[in-house]
Amino acid sequence: MKARRPGNYYAVLLSALLFAACSSIDCPLNNAVYTSYKLKGDVGMLSRMLTVTSPVDSSRDTLLINLAANVDSFILPISYNRPEDVFHFTLTDQDGNETTDEVRVTKDNQPHFESIECGPSFFHTITGVTCTNNAIEKIEINNKNVNYDASKAHFYIYFKGDSE
C-alpha cells in the first residue's frame, strides 16, 4: 500500500476552498423593488378600507392591496421597464360607498447588475407623480430613488378627511 503524499491532499483541499469561495454570490432573494407610501396631513391613518389595483389591459386589473384597514403606510411594486405605472386607489367606507382615484407614477429605469448568477433587476428614479382628487388631496415625492430599500417613504400621500 502506497502512502499518500501530503502535497496532493493540500492541493485538493485548497481547490475545494477556492471553488466554494467563488460560488458564494449574495444575490437578493427577491429582486423586485417596491415604492413606499406614507400617509401625511390630517389623515394619518385611514379608517376606510384601501384597495389598490393596477390595470393589466382594458378589461383586467391586478389586485395589489385588498381591503387594508387602519393603514398609515403601505408598499407597492413598481414595473421593471414601463416608463409609467398606473394605480387605482379605492377607499370603501363602512356603508360600502367607494371613492376611487387614479395615481400615475413616471420614472426612469436603470438596469442593475449584481452578478451573472443573479436574476435581472432594475432600479428607478421617480420623475413625477399625478393623481385625481376624489379621495386623495395630493401626493408628494419624498425619495426619488427606488432600489431594494423601501424603508424610507418614496411618497407622502395626503387623503381628504375621512367622513366617518
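Since we're looking at a predicted model, the values are computed, not measured.

### Examining the overall build of the chain
Okay, step 1: What the chain contains, in helices and strands, is one helix and ten strands.
Okay, step 2: Starting at the N terminus, the α and β elements of the chain follow one another as α-β-β-β-β-β-β-β-β-β-β.
Okay, step 3: Taken across its 164 residues, the chain has 33% of its residues classed as buried.
Okay, step 4: Taking the intrachain contacts of the chain between residues at least 6 apart in sequence as the baseline, contacts between residues at least 24 apart amount to 56%.
Okay, step 5: Per element, the accessible surface of the chain, about 10400 Å² overall, is 53% carbon and sulfur.

### Structural notes on the environment of leucine 39
Okay, step 1: Tracing the sequence through the fold places leucine 39 in strand β1 (residues 34–40).
Okay, step 2: The spatial distance from the C-alpha of leucine 39 to the C-alpha of phenylalanine 159 is 7.5 Å, given a sequence separation of 120 residues.
Okay, step 3: Here leucine 39 is in contact with Gly44, Met45, Leu46, Val71, Asp72, Ser73, Phe74, Ile157 and Phe159, once residues within four sequence places are set aside.

### A look at the sheet that holds strand β9 (residues 145–146)
Okay, step 1: With respect to topology, six strands assemble into an open sheet ordered β3-β2-β5-β6-β7-β9, the strand pairing being antiparallel. Every other strand in the sheet has two partners, leaving β3 (60–68) and β9 as the edge strands with one partner each.
Okay, step 2: Judged from the ten bridges that link them, strand β6 (residues 98–112) and strand β7 (residues 121–131) form a sheet pairing that is antiparallel. Counted as the bridge partner of valine 105 is valine 129 from β7.

### Here's the deal with the packing of aromatic side chains
Okay, step 1: Overall, the coordinates contain six aromatic pairs when judged by the stated rule.
Okay, step 2: Relative to phenylalanine 122, the ring of tyrosine 80 lies with its centre 5.6 Å away and its plane at 45°, an arrangement referred to as tilted. Pair noted here: tyrosine 80 is in the loop between β4 (73–77) and β5 (84–92) and phenylalanine 122 is in strand β7, with a separation of 42 residues, a long-range link.
Okay, step 3: Taking relative accessible area as the criterion, tyrosine 80 reaches 35% and is therefore assigned partly exposed.
Okay, step 4: Both rings, one in phenylalanine 123 and one in tyrosine 148, keep their centres 5.0 Å apart while their planes meet at 90°; by these two values the pair is edge-to-face. Of this pair, phenylalanine 123 sits in strand β7 while tyrosine 148 sits in the loop between β9 and β10 (155–159), and the two are 25 residues apart along the sequence.
Okay, step 5: A relative accessible area of 33% places tyrosine 148 in the partly exposed class.
Okay, step 6: Connected via pairs of aromatic rings, a cluster forms that spans Tyr37, Phe74, Phe89 and Phe155.
Okay, step 7: Over the face of the ring belonging to tyrosine 156 we find lysine 40, whose NZ or CZ atom lies 4.6 Å from the ring centre.
Okay, step 8: The ring of tyrosine 158 carries the charged tip of lysine 138 above its face, separated from the ring centre by 4.8 Å.

### Some words on the nonpolar core
Okay, step 1: Core analysis: the largest hydrophobic core is formed by 28 residues, its most contacted members being Tyr37, Phe89 and Phe159.
Okay, step 2: Contact partners of tyrosine 37, with chain neighbours within four places excluded, come to Asp72, Ser73, Phe74, Leu76, Phe87, Phe89, Val105, Phe155 and Ile157.

Rules of the game
- Residues numbered from 1 in each chain as written.
- Predicted model: local features only at pLDDT ≥ 70, side-chain atom pairs only at ≥ 80, totals over all residues.
- Heavy atoms only, no water.
- Helix = DSSP H or I, 4+ residues; strand = E, 2+ residues; numbered from the N terminus.
- Buried < 20%, exposed > 50% of the residue type's maximum accessible area, 1.4 Å probe, protein only.
- Contact = heavy atoms within 4.5 Å.
- Areas by Shrake-Rupley, 256 points an atom, 1.4 Å probe, with all protein chains shown as cover.
- Pairing = 2+ DSSP bridges.
- Phe/Tyr/Trp six-rings, centres within 6.5 Å; stacked < 30°, edge-to-face > 60°.
- Lys NZ or Arg CZ within 6 Å of the ring centre and 35° of its normal.
- Core = buried A, V, L, I, M, F, W, Y, C linked by side-chain atoms within 4.5 Å.

Bear in mind that shape data such as this cannot, by itself, settle questions of function.
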